[in-house]
Amino acid sequence: NAGVTQTPKFRILKIGQSMTLQCTQDMNHNYMYWYRQDPGMGLKLIYYSVGAGITDKGEVPNGYNVSRSTTEDFPLRLELAAPSQTSVYFCASSYYGTGGYEQYFGPGTRLTVT
Amino acid sequence: KNEVEQSPQNLTAQEGEFITINCSYSVGISALHWLQQHPGGGIVSLFMLSSGKKKHGRLIATINIQEKHSSLHITASHPRDSAVYICAVSNSGYALNFGKGTSLLVTP
């Protein structure tokens, strides 16, 4: 199993450009998440999905969009990139195990908007 | 929203020392998670617990539901334990609220 994979690892965008961060998991998990991590701050939830075709906003959704057409893929779209979106982005997936939803994280995408 | 506080923010220890990292939260939870983030950024789940205590190798996690408090202990610390340790809680199920992390440096 590759687990959760993310591409690209690094990206520099100019203000106003758009891009899609890719996330794929091969563990057949229903639940998938996008988080952002800013220096000195805890991870914050951007969007999540409880299954194919179902997505919902998290704590910081503005400026982002998602889709979930398959169980495996959960891409994050940035439209009109802004410097405030400079961050490290983590995709994660989870299943319901004993006691709760254990989360599996991708390696992260470091995005800089200049 | 469940506020998650970790202490200390930064911790330096000598190899072999016993280490404790604390986490407190404000609202009742369904589960508490301890995660490890190494330099280079990858995040790995260490523990998920809703009561009592769990042990994995030199790592022990405990939780006191009544006091809304959890601790992560590392026995016989080693430089390879140097990482950021993150506490996170889930209230109604799957989404997590994260603490800011504790940065641990273990020196030889």
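For the structure given in this document, a descriptive report is provided here. Predicted model, so just to flag it, every value in this text is computed and none were measured. (Residues numbered from 1 in each chain as written. Chains lettered and ligands numbered in written order. Predicted model: local features only at pLDDT ≥ 70, side-chain atom pairs only at ≥ 80, totals over all residues. Heavy atoms only, no water.)

## Some points on the sheet that holds strand 3 (residues 19–25) of chain B
Residues and elements named next belong to chain B.
Argument step 1. Overall, antiparallel pairing links the five strands, which are arranged 1-3-8-7-6 in an open sheet. Taken across any chain shown, the strands that pair with only one partner, and hence form the sheet edges, are strand 1 (4–7) and strand 6 (52–56). Direction aside, neighbouring strands of the sheet carry axes that sit 15° apart on average.
Argument step 2. In this sheet, strand 7 (residues 59–64) lies alongside strand 6 in antiparallel orientation, the contact comprising five bridges. (Pairing = 2+ DSSP bridges. Helix = DSSP H or I, 4+ residues; strand = E, 2+ residues; numbered from the N terminus. Axes fitted to C-alpha atoms, helices over the stretch in contact; angles between N-to-C directions.)

## Things to note about the interface of chain B and chain A
Interfaces are often sized by the accessible area lost when the parts come together.
Argument step 1. Residue-level contacts link 18 residues of chain B with 21 residues of chain A.
Argument step 2. Of the roughly 1700 Å² buried between chain B and chain A on both sides combined, carbon and sulfur atoms contribute 62%.
Argument step 3. Counting the surface chain B buries against chain A, the share from its top three residues, I43, Y94 and F98 of chain B, is 39%.
Argument step 4. One can count zero salt bridges joining chain B with chain A.
Argument step 5. Across the contact surface, chain B and chain A share one residue pair in polar contact (both at pLDDT 80 or more).
Argument step 6. Where the side of chain B that touches chain A is concerned, the elements lending two or more residues are strand 4 (31–37), strand 5 (43–49) and strand 10 (96–98) of chain B. (Contact = heavy atoms within 4.5 Å. Buried area = accessible area lost by both parts, 1.4 Å probe. Salt bridge = Lys/Arg side-chain N within 4 Å of Asp/Glu carboxyl O. Polar contact = N/O pair within 3.5 Å; in protein donor to acceptor, adjacent residues only side chain to side chain.)

## Here we look at the state of the cysteines
Argument step 1. Counted according to the given criterion, the structure contains two disulfides over all chains.
Argument step 2. Note on cysteine connectivity: C23 of chain A is disulfide-linked to C91 of chain A, with sulfurs 1.8 Å apart. On the sign convention where negative is left-handed, the bridge of C23 of chain A and C91 of chain A, at about -70° about the S-S bond, is left-handed. With C23 of chain A in strand 3 (residues 19–25) and C91 of chain A in strand 9 (residues 87–97), this pair connects stretches of sequence that are 68 residues apart. Neither C23 of chain A nor C91 of chain A differs from the other in exposure class; each is buried.
Argument step 3. Two residues share a disulfide in this structure: C23 of chain B and C87 of chain B, whose sulfurs sit 2.0 Å from each other. Measuring the twist about the S-S bond at about -65°, one finds the C23 of chain B-C87 of chain B disulfide to be left-handed. Within this pair, whereas C23 of chain B is found in strand 3, its partner C87 of chain B is found in strand 9 (residues 83–90), the two being separated by 64 residues in sequence. (Disulfide = S-S within 2.5 Å. Buried < 20%, exposed > 50% of the residue type's maximum accessible area, 1.4 Å probe, protein only.)

Structural measurements only, silent on function.
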